[in-house]
Amino acid sequence: MPKLFNPTMECSTASCRLFPRVSARSRRGSSLKSAIIAQKPSTLAEDLPSKKRTNWGKYDNSLEQAAAAWRNHKTVNWELEKPLDRTTSFATLASLLKRCGQAKALYHGRLVHAHIRRYRYDWNTFLGNWVVKMYGDCGSIEDARSVFDNLPKINLYSWNILMNAYAQNGCGREALECFQRMQCDGIRPDQVSFVAALDACSSIAALEKGQEVHAAIVRRGYDRQLIVGNALVNMYGKCASLGDARNVFNQMVNRDVISWTAMITALSQNGHCDEALDFFDQMQGAGFKPNPITFVCALDACASLADLKKGQEIHAAIVEAGYEGRADMGNGFLNMHNALVNMYGKCGSLEDARRVFSRMPSRTVASWTAMITACSQNGHSKEALCLFNRMQSDGIKPDQITFVTVLDACTSLAALEKGQEIHAAIVECGYEEQVVVGTALINLYGKCGSLEDARNVFGRMPVRDVVSWNAMIAACAHNGHGMEALDLFDYMQSDGFKPNHVTFLSVLAACSHTGRVDAARRYFNSMREDHSLIPKVEHNVCLIDILGRAGLLDDAENLINSMPLESKARVWLCLLGACRIYGDVERGARAASHAIKLDPENAAPYVLLSNIYAAAGRYDDAQQVRDIMNNSRLKKIDSCHMEVDRIVRESVLREVAQVDKMVYVFVPKEAAQVADID
DNA sequence: ATAGGGTTAG
């Protein structure tokens, strides 16, 4: 039951000093809404398209509640000396709006805006521009637009602010439209407009448009400006045009830390992580000190390379710089700590990740999510689930990405019930409609054998992408519904989605389960011919497996010999498995010798070959292979991260089975040994 | 008396 506004309350009390005295007439409305939003929420709510209309109902709190919320807002931390009234200066209002934007405090920003609309008929473009910016910073782009459309006069600042609001909220197309329209309206873009236009191109990866803007920049002579150069490097990096990014960077007359950081990011996000780290060193050689953001980018490159040593070096440099444990400068240092946790997780050092995480000065959802991901991706799914609980008891609310990570942990534990519990929480938070969340749910249900649930989630998804189609196709393929998987493959394409490498893995798996050898060949060839996808090792393994199981050993071997793969060890191993089934000793020996030559530390080919000999009654040969194996130092399955319990035991076996299904099926003793390694 | 460049979890 909401508390109502108390008309007898004295407005000079601390609890409402932020609000102007309201007239008796408007008090009669008895709610904050009517008190401060006043008669007509015109430009805000009513001009918006109906489905995106702002829900003003949630501002229907009592005045005390709103004032308390305002005072207690931790990030904004208002310390207003005077209440807002008709005499509050525009400078004060502007600074309030700025702080609301920085803190992404939409609620408070709306309060200030409402105050201006109610009491400041003398508002001008200066103040209006700040309101537009506040809404843009708070991510409320429709509000930004409608305020912009009602500005008393639109100037260069207004356009630049609006363009940036669009570009930073993922509406690159609209930002570029603004760029056009401002010029039609006779306003000459300055360097800030060009930077915003480049940002818009980056956000939608519009390379051609970006080149057009670049040409206009050169025509107007803005290309020597530092911030323009930086934005150009960034734009070419985001549009995957690394050569252009390099050219711009090399030709820059001045460079600063941001230029170097932009270049490092461009390299690392386009698959040149080694070079990115070289640049990181060169930058320091050139006398620039990395800041927290530079460190984030460098750590990201280490994470992609899974280069633990380099990552630890950079961590040492962070300590050296005195950045570790610091919590000032907004989110700068916080993000850097998150990046450290993420890097250690991706590089497989859970201990380091834990250490950084436990020493963090403060933690956000992102920090918790990074730590949970680190656990879940390093075989500690149970710890991931524990952390998820602790995070919530620490008062941090999970976001969609946390849920995705936790669902992944459930998936690898095959913990269907826990997953369903989390599914319920997701529905409660209203995240079920998010593509990434839906996809993680389909994965969970698919891997846990609950195809019906996977279908339901997929059917309810309002938006799908290639990844969610892939998840659904995989769910069918791995639950004995190969035909349905192949049908979905067709539907997916008629829905306008292009299949990728992952799609074809599931398609081939579907062919394998339904025994469609010829179809598998056709799909395999169509990867290259119709979709310009080059089959990877996994696809080749899959096809060899299908041919091998069908007894087409000749075809399989010929195919391997014609494959332009870098390493064929796994493919030969696959053929070796097929030779085991069909008792083809000669071919088996050939395949084994290839496999051993290519991956001498793997025990699997020895085991398989020995079994082939044994099955053919050639016990001496079998023993000889085993002796060779036992006398050489072969790679053990790395299970030091594994806890020993039933589920994990199974997951170790699954891993072994992935290397070769035969190890488990035909050599149970071997498998048992593997599982006993702690 | 406003605007502007580099970062994060499938």
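Just so it is clear, the structure is predicted and the values come from calculations on it, not from any experiment. (Residues numbered from 1 in each chain as written. Chains lettered and ligands numbered in written order. Predicted model: local features only at pLDDT ≥ 70, side-chain atom pairs only at ≥ 80, totals over all residues. Heavy atoms only, no water.)

**Overview of the overall build of chain A**
Of the regular secondary structure elements, chain A holds 39 helices and zero strands. For chain A, buried positions account for 49% of its 678 residues. The long-range share in chain A, meaning contacts at least 24 apart out of those at least 6 apart in sequence, stands at 62%. (Helix = DSSP H or I, 4+ residues; strand = E, 2+ residues; numbered from the N terminus. Buried < 20%, exposed > 50% of the residue type's maximum accessible area, 1.4 Å probe, protein only. Contact = heavy atoms within 4.5 Å.)

**A short note on the nonpolar core**
Grouped together as the largest cluster of nonpolar side chains are 187 residues, with contacts concentrated most on Ile314, Ile422, Ile442, Tyr523 and Leu575. Residues in contact with Ile422, not counting those within four places in the same chain, are Leu385, Phe388, Phe403, Val406, Leu407 and Cys410. (Core = buried A, V, L, I, M, F, W, Y, C linked by side-chain atoms within 4.5 Å.)

**Details of the side chain of Ser506**
Considering the arrangement of structural elements, one finds Ser506 in helix H29 (residues 501-514). According to the relative accessible area criterion, Ser506 is buried, its value standing at 5%. Every residue in contact with Ser506, bar those within four places of it in the chain, is listed here: Asn470, Ile473, Ala474 and Ala477.

**What to know about helix H36 (residues 619-631)**
Owing to its 3.6 residues per turn, the α-helix aligns residues three or four sequence positions apart on the same side. End to end, H36 covers 18 Å across 13 residues, agreeing with the expected 18 Å (1.5 Å per residue, within 8%). Listing the buried residues of H36 in full gives Ala622, Val625 and Met629. Burial along H36 is one-sided: seen end-on, the buried residues are contained in an arc of 65°. Projecting away from the buried face of H36 at angles above 90 degrees are the exposed residues Asp620, Asn630 and Asn631. If you follow the buried residues of H36, they end up packed against helix H35 (604-615). (Expected span 1.5 Å × (residues − 1). Arc of directions from axis to C-beta.)

**Observations concerning the protein's contact with DNA strand B**
The environment of DNA strand B is made up of 44 residues, and the closest members are Phe126, Asn160, Asn230, Asp256 and Asn291. Near-protein atoms of DNA strand B (within 4 Å) split between backbone and bases, with sugar and phosphate holding 38%. Side-chain polar atom of Asp256 to a base nitrogen of DNA strand B: 2.5 Å apart, as the coordinates give it. The contact in question runs from a phosphate oxygen of DNA strand B to an N or O atom on the side chain of Gln377, over 3.2 Å. Considered class by class, the residues forming the surface near DNA strand B number 18 nonpolar, 19 polar and seven charged. (Near = heavy atom within 4 Å. Polar contact = N/O pair within 3.5 Å; in protein donor to acceptor, adjacent residues only side chain to side chain. Nonpolar A, V, L, I, M, F, W, Y, C, P; charged D, E, K, R; others polar.)

**Side note on unusual backbone geometry**
Unlike most non-glycine residues, Lys104 shows phi in positive territory, near 50°. Taking the relative accessible area as the measure of exposure, Lys104 reaches 58% and is therefore exposed. A positive phi is found at Ala205, a non-glycine position, where the angle reads about 50°. Note that Ala205 resides in the loop between helix H11 (191-203) and helix H12 (207-220). Ala205 sits in the partly exposed class, given a relative accessible area of 45%.

**Regarding the pattern of salt bridges**
Under the definition given, this model contains 23 salt bridges. Measuring nitrogen to oxygen at the nearest pair gives 2.9 Å for the salt bridge that ties Glu432 to Arg460. One end of the pair, Glu432, is in the loop between helix H24 (416-429) and helix H25 (435-447); the other, Arg460, is in helix H26 (residues 451-460), and 28 residues separate them in sequence. In this structure, a network of salt bridges that share partners links the residues Asp554, Glu557, Asp584, Arg587 and Arg590. (Salt bridge = Lys/Arg side-chain N within 4 Å of Asp/Glu carboxyl O.)

**Considering the packing of helix H33 (residues 569-582) against H35**
At their nearest, the axes of H33 and H35 sit 9 Å apart, and the two run at 20° to each other. By the angle between their axes, H33 is roughly parallel relative to H35. For the pair H33 and H35, the crossing hand works out as left-handed. For the pair formed by H33 and H35, the contact residues are Leu573, Leu576, Gly577, Cys579 and Arg580 on the first element and Ala604, Pro605, Leu608, Asn611, Ile612 and Ala615 on the second. Taken together, the residues that form the contact of H33 with H35 break down as eight nonpolar, two polar and one charged. (Axes fitted to C-alpha atoms, helices over the stretch in contact; angles between N-to-C directions. Parallel < 35°, antiparallel > 145°, perpendicular 65-115°, else oblique. Left-handed = near helix turned anticlockwise from the far one by under 90°.)

**A closer look at the layout of surface pockets**
Put simply, the second largest pocket is a space of about 480 Å³. Around the second largest pocket sit 17 residues that line it, and Lys133, Asn160, Asn164, Gln168 and Val192 are the ones nearest its centre. Mapped onto the lining of the second largest pocket, the elements with two or more residues apiece are helix H7 (125-137), helix H9 (156-168), H11 and helix H13 (226-238). Examining the composition of the lining of the second largest pocket, we find that seven residues originate from one element, H9, more than from any other. Here the lining of the second largest pocket is composed, by residue class, of six nonpolar, six polar and five charged. (1 Å grid on protein atoms, 1.4 Å probe; cavity = no way out; pocket = protein on both sides within 12 Å on 5 of 7 lines; lining within 4 Å. Points joined across faces, edges and corners; volume = space filled by probe spheres on them.)

**Looking at the packing of H13 against helix H15 (residues 257-269)**
The N-to-C vectors of H13 and H15 enclose an angle of 5°; their axes lie 9 Å apart at closest approach. The angle between H13 and H15 places the two elements in the roughly parallel class. Here Leu226, Asn230, Val233, Asn234, Gly237 and Lys238 of H13 lie close against H15, whose contacting residues are Ile258, Ser259, Ala262, Met263, Ala266 and Gln269. By residue class, the composition of the contact of H13 with H15 is six nonpolar, five polar and one charged.

**Quick word on the packing of aromatic side chains**
One pair of aromatic rings is described through two measures. These are the centre distance and the angle between the planes. Summed over all chains, the structure comprises 17 aromatic pairs. Ring geometry for Phe249 and Trp260: centres 5.1 Å apart, planes at 80°, overall edge-to-face. Taken together, the positions of Phe249 in helix H14 (residues 242-251) and Trp260 in helix H15 put the pair eleven residues apart, joining distant regions of the chain. The burial state of Phe249 is the same as that of Trp260; both residues are buried. Among the aromatic residues, ring-to-ring pairing joins Phe249, Trp260, Phe279 and Phe288 into one connected group. Seen from the ring of Phe357, Arg363 lies directly overhead, with NZ or CZ sitting 4.7 Å from the centre. (Phe/Tyr/Trp six-rings, centres within 6.5 Å; stacked < 30°, edge-to-face > 60°. Lys NZ or Arg CZ within 6 Å of the ring centre and 35° of its normal.)

**Some remarks on the confidence of the model for chain A**
Across chain A, the average pLDDT comes to 81, with 81% of residues at 70 or higher. pLDDT under 50 marks residues 1-77. Its contacts with residues more than four places away, or in other chains, come to 122 contacts. Segment residues 636-678 is flagged for pLDDT under 50; beyond a separation of four residues in sequence, or across chains, it makes 52 contacts in the model. (pLDDT = per-residue confidence, 0-100.)

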